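# Structural overview
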Amino acid sequence: MAVSRSSTRKDTGPTQRGQCSKRISILDAAANVFCREGFSGASIDEIAIEACVSRQTIYNHYREKETLFVAVIEDVMERANAMLFSTLSTFPDKPDHLQRDLTDFAIRLTTNCICNQDGKFLRRLVQSEGERYPHLFEGWRQQGPCKISTTLGALFAKLSHKGALRIDDCDLAARQFLALVNADLQMIYLFGGKPTEEELQTAASNAVETFLRAYAPHQQQNAAQPAPVLVAVS
């Protein structure tokens, strides 16, 4: 059962609950301001106004803007990781109907972890601030892209062990799968758009078809190719 951030501690008194509520307000307001203005353009004063707290209250909790920014990334990543691993738990583990099941999984992965609010927030900040402040995103890189590739690689390894796929480097296959899933959607993301259900279905279908051409067992690849036409010679 999902637990809200405000209810994660038990037996807290009024003072602790008030402090927790302020932290949540600050983090939510900071996320909005950072997303709108970027790290360099955001100001503590603007965040304080949006959070309905004093400027000094923010400094009491987070000392400086960089500390607050890292806290926002960690807060968003905590939610994003929860959704990510919930989605990864639906990865198909049986060879039957693998193309259909992988396509459905790719759609869930895109919908739940890339097109949602947290995914958009992280993508926008990385695009706008990643080059100037790479150290601020190191935690995101380790907990986000690196973790999903490793976990997905382990899931592909299980399918390979069962003979459903033919993979030598499962981590590489996982990165390629993710790249294929996103390939048809990059331009939509770049301009801040949201893909339609039809676009998600098409992108997932194209990705899985290409992936299986590379990693399906040889007999399945041969079966999918049309039989040669034999012409009798008199």
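Everything numeric in this text was worked out from a predicted model, so none of it was measured. (Residues numbered from 1 in each chain as written. Predicted model: local features only at pLDDT ≥ 70, side-chain atom pairs only at ≥ 80, totals over all residues. Heavy atoms only, no water.)

## Quick notes on the overall build of the protein
Assigned secondary structure in the protein consists of 12 helices and zero strands. When the helices and strands of the protein are listed from N to C terminus, the series reads α-α-α-α-α-α-α-α-α-α-α-α. Of the contacts formed within the protein by residues at least 6 apart in sequence, a portion of 64% connects residues at least 24 apart. About 14,100 Å² of surface is accessible on the protein, with carbon and sulfur atoms providing 53% of the total. (Helix = DSSP H or I, 4+ residues; strand = E, 2+ residues; numbered from the N terminus. Contact = heavy atoms within 4.5 Å. Areas by Shrake-Rupley, 256 points an atom, 1.4 Å probe, with all protein chains shown as cover.)

## Thoughts on the pattern of salt bridges
Applying the stated criterion across every chain, the model contains seven salt bridges. One salt bridge connects Arg 36 with Glu 50, and the closest N-O pair in it is separated by 3.1 Å. Pair noted here: Arg 36 is in helix α1 (residues 14–41) and Glu 50 is in helix α2 (residues 44–51), with a separation of 14 residues, a long-range link. Through salt bridges with shared partners, a single ionic network connects Arg 36, Glu 37, Glu 46 and Glu 50. (Salt bridge = Lys/Arg side-chain N within 4 Å of Asp/Glu carboxyl O.)

## Details of the nonpolar core
Counting residues in each nonpolar core, the largest one holds 30 residues, and the members touching the most others are Phe 91, Leu 152, Phe 156, Leu 165, Phe 177, Phe 211 and Leu 212. Elements with a minimum of two residues in this core: α4 (65–88), α5 (98–113), α8 (145–161), α9 (170–183) and α11 (197–215). Not counting residues within four places of it along the chain, the set of residues in contact with Leu 152 comprises Leu 88, Phe 91, Phe 105, Ala 174, Phe 177 and Leu 178. Counting 28 residues, the second-largest nonpolar core is a separate cluster that includes Phe 34, Val 53, Ala 71 and Leu 125. (Core = buried A, V, L, I, M, F, W, Y, C linked by side-chain atoms within 4.5 Å. Buried < 20%, exposed > 50% of the residue type's maximum accessible area, 1.4 Å probe, protein only.)

## What to know about the confidence of the model for the protein
Averaged over the protein, the pLDDT score is 82; the fraction of residues at 70 or greater is 84%. Of all helices and strands in the protein, the one with the weakest mean pLDDT is helix α12 (residues 218–224) (54), whereas α11 scores best (96). Every residue in residues 1–11 is under pLDDT 50, and counting partners more than four places away or in other chains gives 10 contacts. In the predicted structure, residues 227–234 sits below a pLDDT of 50 and forms zero contacts with residues beyond four places in sequence or in another chain. (pLDDT = per-residue confidence, 0-100.)

## Observations concerning the layout of surface pockets
By volume, the largest pocket is sized at about 670 Å³. Contributing to the lining of the largest pocket are 26 residues, with Cys 113, Ile 114, Trp 140, Pro 145 and Ile 148 lying nearest its centre. If you tally residues by element for the lining of the largest pocket, the top one is helix α6 (residues 117–129), at six residues. Considering only residue class, the lining of the largest pocket consists of 14 nonpolar, nine polar and three charged. (1 Å grid on protein atoms, 1.4 Å probe; cavity = no way out; pocket = protein on both sides within 12 Å on 5 of 7 lines; lining within 4 Å. Points joined across faces, edges and corners; volume = space filled by probe spheres on them. Nonpolar A, V, L, I, M, F, W, Y, C, P; charged D, E, K, R; others polar.)

## Quick look at unusual backbone geometry
What is expected of a backbone is that most residues other than glycine have negative phi and most peptide bonds are trans. Positive phi, normally seen in glycine, also occurs at Cys 52, with a value near 60°. The phi dihedral of Arg 63 falls on the positive side, at around 70°, and the residue is not glycine. Counting through the fold element by element, Arg 63 comes out in the loop between α3 (55–62) and α4.

## As for α3
Those residues of α3 that sit buried are Thr 57, Ile 58, His 61 and Tyr 62. Viewed along the axis of α3, the buried residues span an arc of 105°, placing them on a single side of the element. Once α3 finishes, Arg 63 follows within two positions and takes phi at roughly 70°, a positive value. (Arc of directions from axis to C-beta.)

## Looking at the side chain of Thr 57
Assignment of secondary structure puts Thr 57 in helix α3. Beyond its immediate stretch of four places on either side in the chain, Thr 57 contacts Lys 22 and Ile 26.

## Side note on a nonpolar patch on the surface
On the surface, Met 187, Leu 190 and Phe 191 cluster together into a nonpolar patch covering about 380 Å² of accessible area. Take Met 187: it is sitting in helix α10 (residues 186–190). (Patch = residues over 30% accessible without salt bridge, like charges linked within 9 Å, V, L, I, M, F, W, Y side chains within 5 Å.)

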